2 protein chains.
Amino acid sequence: MARPLQRLVGRLPPPSLLALLYLVLVLLGTGLLMLPAAQAVPVRLNEAFFTSASAVTVTGLIVVDPGTSFTIFGQAVIAVLIQLGGLGLMTFAALLLVTLGISIGMPQRIIMGEELGTGGFRNLLRLARLILMVAVVAEVAGTALLMLVFVPEMGWATGTWSALFHAVSAFNNAGFSLFDDSLVRHGSEPLVLLPIAALFIIGGIGFVVLGEIWQKRAWSKLSLHSKLMLTGTGALLLVSWALIGALEWGNPATLGAMEGSGDRLLAAFFQSATPRTAGFNALDTAALTDASTVLVMGLMFVGGGPTSTAGGIKVTTALVLILATRAFFLRHDTLSAFGRSIGLDEVMKVMALATISVGMVFLAWFVLAAGHEGEMFDLLFEVVSAFGTVGLSRGATADLDIIGQVIVACIMFLGRVGPLTLGFFLATRSSPRIGYPRGQIYLG
Amino acid sequence: MARPLQRLVGRLPPPSLLALLYLVLVLLGTGLLMLPAAQAVPVRLNEAFFTSASAVTVTGLIVVDPGTSFTIFGQAVIAVLIQLGGLGLMTFAALLLVTLGISIGMPQRIIMGEELGTGGFRNLLRLARLILMVAVVAEVAGTALLMLVFVPEMGWATGTWSALFHAVSAFNNAGFSLFDDSLVRHGSEPLVLLPIAALFIIGGIGFVVLGEIWQKRAWSKLSLHSKLMLTGTGALLLVSWALIGALEWGNPATLGAMEGSGDRLLAAFFQSATPRTAGFNALDTAALTDASTVLVMGLMFVGGGPTSTAGGIKVTTALVLILATRAFFLRHDTLSAFGRSIGLDEVMKVMALATISVGMVFLAWFVLAAGHEGEMFDLLFEVVSAFGTVGLSRGATADLDIIGQVIVACIMFLGRVGPLTLGFFLATRSSPRIGYPRGQIYLG
Ligand SMILES: [K+]
Ligand SMILES: [K+]
């Protein structure tokens, strides 16, 4: 049983394998969601397909409300799709780096015990088990914390299920919620917002960073990649927290409606963290000021970290773009950060990914505009949200016809599988990395 | 008299000199447009400033209608500002390349007779005279052709002045028109649209290409730069002609209002050519379909050729981005086109320029959104139009308050002076080019 599978795994190029796997998952999920047992109200085929695609790509854009349209069984199908979609990508990305001989911290120490190339399938299982363990620990802890609010609110059964569902959705940066207003009703509840934010930040920073922190426990020992990810994530959080706080403070439809400064600061923090792939919202996305909306689009495009459940071009990609541009103005011949140089080949990868990404968003916007009525600003927002697998919406996705839904589903799919595929293409063209003195930036 | 000036020219870094020159021109123009002799109706200081900045940067965005707000003297001031702004940049860009020892075709043959570095100021005069000659020939021919329509329509005096003004505005890709509907009233008149399109295409393809065509007269002898510019311009014209034709054919507010297919094809061609910096419009820009508008934004961002009167990131920049991305997917270690390789340093230049440009447009959009009410799609359109010094408008610029006008004026200024400044920064960091076997891509 395992041998033909192993042979298949070995023969297909990894990116095609990943795309195929995701496609199979989407179709399987569609089938399950079409079962009468899954539907609380009649759900059409295209709606089930869109929901399945959105869950597998951990995007969270919806055309039907998951909490009221699906039964507990249907909701469980969605949760499993999210878990497989999120962890599948994380596992695949980590495995890819290991196969290429690139250090990824903790898991490497365990996996490198075996010879590379011979035990590929066994390594995959080991790595998957390890990643699953991290996920289970995080999700169980998150579920317990969320139960503190949800159980008193909804009773044991519904409360526990809600807590589990939202913990899974948060760790995998899926953004699916069982509440029809996402987290707006809990918008002043730190015991809901903070565990969820912690889960999606941990899930979105990347396995490489988590592994290194676990293994090295000292800033100076961290790799360039982890240092860039941690400082970049911190800087993005702080700057966008301040900007969104300032821009929304007096907006009566968002922060302005809240009474205390503490509530506003909490909601502003959550709103600044969620666009980088999580996609939950504690404020009404369509009610944000125009300037905040532009900022949110920028954050959604950047996304989280490589080898994580997050999407977007990734924080490291954005940082290398900025560092490279800065180096040019300073007329430096080499790029460096934290005392490590960044090679020209890294810059070229980053450029290729950024060009493709901007081109893809622009093309998708053009195609949606050509075929659909709608506010152009909202359509661009939905396109960027789908590309970054974020799931924040100003409402345009729900109004799309079937063709529009298929286009958005394709963008979600490309946004999820694309950067890693590109990362694979670019990684394999480089020379082997073992013993390299230069820092590496991962793309996927 | 010439000696202190020469010393000043020699001492300032060229980009600062250029920026200073433009700033002085803008202020001088503002002063002249504030003279009672220049104003047909009362014009405010901020309106005169915006008009002057728009003319010097050859953008063509307006807050007051130049045809009715200014006297013939005022209009002449605008025409002179356009001429100085357009030719000044062309001259500066060409001189920069010559100084750096980079071949620019015809003018090089003449200028290289003198020792480089010693006769800088005399070279500048010579080159300026040469460029002025090309401009005068093109503008006189354009004026004569436009007179065929304008003189019967408006009489000798007004017709001749209108023909001259529009020829100057077209060759310099300024897009200023004396008619309050730009060229919409002549939207079916090939004798107006074709000479104007010819002028702005010639003015926007770049002095390097014009010089090489003049000097070499054979495709095979052209440099990589000229081949890329000519094929890129041709491809962009054809593709956008077809797309705009298809998207607008049935739009009753644009092509759909025209009777014959010939008229529609002509207007579609003009509409596909004008966004790459010219900025005249023969169709109502705000009435274009959403998809066409997205396409127009893309074309405005790309712009024309280096060492020309055009703006944008330039056709060559866009092509190198595409070629580099393609090379990565094909796992080529080197970039090439037309049998010439393109160096990594060219790719890095292009990346820096593209990153800065996207960042600038995004930031300007954010700032305008933070301070101003208005349709976000329209604001983005105006920002891209200002960045590319195009001047097409969906009406948002006219509605801006003074702060908004100053922001847009700054974007026009940065859009005009920025890429060349960047080109200078990047060009001077490379090693000398004489005798290099590799093809060169110019940025400015
Ligand atoms: K998401
Ligand atoms: K223009």
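Computed from a predicted structure; not experimentally measured.

*Asks:* Got a minute to help me understand the relation of the copies chain A and chain B in this structure?
*Replies:* Applying a rotation about an axis and a shift along it to one chain copy brings it onto the other copy. Least-squares fitting of chain A to chain B yields an RMSD of 0.0 Å, with the superposition described by an axial translation of 0.0 Å and a rotation of 180°. In the structure described here, the two chain copies are related by an operation that fits a two-fold rotation axis. Identified as the residue of chain A closest to the rotation axis by C-alpha distance is A:Phe377, at 2.7 Å.

*Asks:* Hey, could you run me through the nonpolar core in this one?
*Replies:* Proteins that are soluble and globular tend to have nonpolar side chains buried together. Of all hydrophobic cores here, the largest spans 160 residues; its most connected members are A:Trp365 and B:Trp365. By size, the runner-up hydrophobic cluster in this structure holds 34 residues, among which are A:Leu224, A:Leu228, A:Met348 and B:Val320.

*Asks:* Teacher, can you tell me more about the UniProt feature "transmembrane region" (unreviewed entry) in chain A here?
*Replies:* Residue and element names in this part refer to chain A. Under the feature "transmembrane region" (unreviewed entry), the UniProt entry names residues 76–106, 127–151, 192–214, 226–247, 309–329, 350–371 and 402–428. Within residues 226–247, the helical portion is 100% and the strand portion 0%, while the C-alpha atoms at the span's ends are 31 Å from each other. Between the end C-alpha atoms of residues 309–329 there is a gap of 34 Å, over a span that is 71% helix and 0% strand.

*Asks:* Is there a simple way to explain the coordination of the potassium ion (ligand 1) in this structure?
*Replies:* Put simply, the ideal angle at a metal is 109.5 degrees for four donors in tetrahedral geometry and 90 or 180 degrees for six donors in octahedral geometry. Residue and element names in this part refer to chain A. Summarising the metal site, the potassium ion (ligand 1) is bound by the protein donors Val58 (O), Thr59 (O), Asn173 (O), Ala174 (O), Thr277 (O), Ala278 (O), Thr389 (O) and Val390 (O), whose distances to it range over 2.6 to 3.1 Å. Written as a sequence motif, the donor arrangement for the potassium ion (ligand 1) is V-T-x113-N-A-x102-T-A-x110-T-V. Within this pair, whereas Val58 is found in the loop between helix 3 (45–56) and helix 4 (66–69), its partner Ala174 is found in the loop between helix 8 (156–171) and helix 9 (190–205), the two being separated by 116 residues in sequence. Each member of the pair, Val58 together with Ala174, is buried.

*Asks:* How should the coordination of the potassium ion (ligand 2) be read in this particular structure?
*Replies:* All names here are of chain B. At this site the potassium ion (ligand 2) is bound by Val58 (O), Thr59 (O), Asn173 (O), Ala174 (O), Thr277 (O), Ala278 (O), Thr389 (O) and Val390 (O), with donor distances of 2.6 to 3.1 Å. Coordination of the potassium ion (ligand 2) draws on donor residues from a single chain, spaced V-T-x113-N-A-x102-T-A-x110-T-V in sequence. One end of the pair, Val58, is in the loop between helix 3 (45–56) and helix 4 (66–69); the other, Thr389, is in the loop between helix 16 (376–387) and helix 17 (402–428), with 331 residues separating them in the sequence. Classification of Val58 as buried rests on a relative accessible area of 0%. Residue classification places Thr389 among the buried positions, given a relative accessible area of 0%.

*Asks:* I would appreciate a short explanation of the environment of A:Val56 in the present structure.
*Replies:* Residue and element names in this part refer to chain A. Along the chain, Val56 turns up in helix 3. Look at Val56 and you get buried, because its relative accessible area is 0%. C-alpha separation for the pair Val56 and Gly86, spaced 30 residues apart in sequence, amounts to 7.3 Å. With near-sequence residues (within four places) excluded, Val56 lies in contact with Tyr22, Leu25, Val26, Leu81 and Gly85.

*Asks:* Even after reading the chapter, I still don't get the packing of helix 13 (residues 290–302) of chain A against helix 16 (residues 376–387) of chain A, so can you show me in this structure?
*Replies:* Helix-helix packing is characterised by the crossing angle of the two axes and by the distance between the axes. Residues and elements named next belong to chain A. Where helix 13 meets helix 16, the axes come as close as 8 Å, and the angle between the chain directions of the two elements is 25°. Our classification of the angle between helix 13 and helix 16 gives roughly parallel. Taken as a pair, helix 13 and helix 16 cross one another with a handedness that is left-handed. Residues Asp290, Thr293, Val294, Val296, Met297, Met300 and Phe301 of helix 13 pack against Phe377, Leu380, Phe381, Val384, Ser385 and Phe387 of helix 16. Residue composition of the contact of helix 13 with helix 16, by class: 10 nonpolar, 2 polar and 1 charged.

*Asks:* How should the side chain of B:Asn281 be read in this particular structure?
*Replies:* Summarising the element assignment, B:Asn281 is placed in the loop between helix 12 (261–273) and helix 13 (290–302). Of note is the side chain of B:Asn281, whose polar atom sits 2.9 Å from the backbone oxygen of B:Leu283.

*Asks:* Would you take a moment to explain the packing of aromatic side chains for this structure?
*Replies:* Between two aromatic rings, the relevant description is the distance of the centres plus the angle of the planes. A complete count under the given rule lists 14 aromatic pairs over all chains for this structure. Centre to centre, the rings of A:Phe377 and B:Trp365 are 5.6 Å apart; their planes meet at 75°, and the pair counts as edge-to-face. Of this pair, A:Phe377 sits in helix 16 while B:Trp365 sits in helix 15 (residues 344–371), which puts the two residues in different chains. Both residues of the pair, A:Phe377 and B:Trp365, belong to the buried class. Ring geometry for B:Phe150 and B:Phe179: centres 5.5 Å apart, planes at 80°, overall edge-to-face.

Conventions adopted
Residues numbered from 1 in each chain as written. Chains lettered and ligands numbered in written order. Predicted model: local features only at pLDDT ≥ 70, side-chain atom pairs only at ≥ 80, totals over all residues. Heavy atoms only, no water. Least-squares fit on C-alpha atoms with pLDDT ≥ 70 in both. Core = buried A, V, L, I, M, F, W, Y, C linked by side-chain atoms within 4.5 Å. Buried < 20%, exposed > 50% of the residue type's maximum accessible area, 1.4 Å probe, protein only. UniProt positions renumbered as here; feature names shortened; annotations may be inferred. Helix = DSSP H or I, 4+ residues; strand = E, 2+ residues; numbered from the N terminus. Donors = N, O, S within 2.8 Å, 3.2 Å for Na, K, Ca; no water. Contact = heavy atoms within 4.5 Å. Axes fitted to C-alpha atoms, helices over the stretch in contact; angles between N-to-C directions. Parallel < 35°, antiparallel > 145°, perpendicular 65-115°, else oblique. Left-handed = near helix turned anticlockwise from the far one by under 90°. Nonpolar A, V, L, I, M, F, W, Y, C, P; charged D, E, K, R; others polar. Polar contact = N/O pair within 3.5 Å; in protein donor to acceptor, adjacent residues only side chain to side chain. Phe/Tyr/Trp six-rings, centres within 6.5 Å; stacked < 30°, edge-to-face > 60°.

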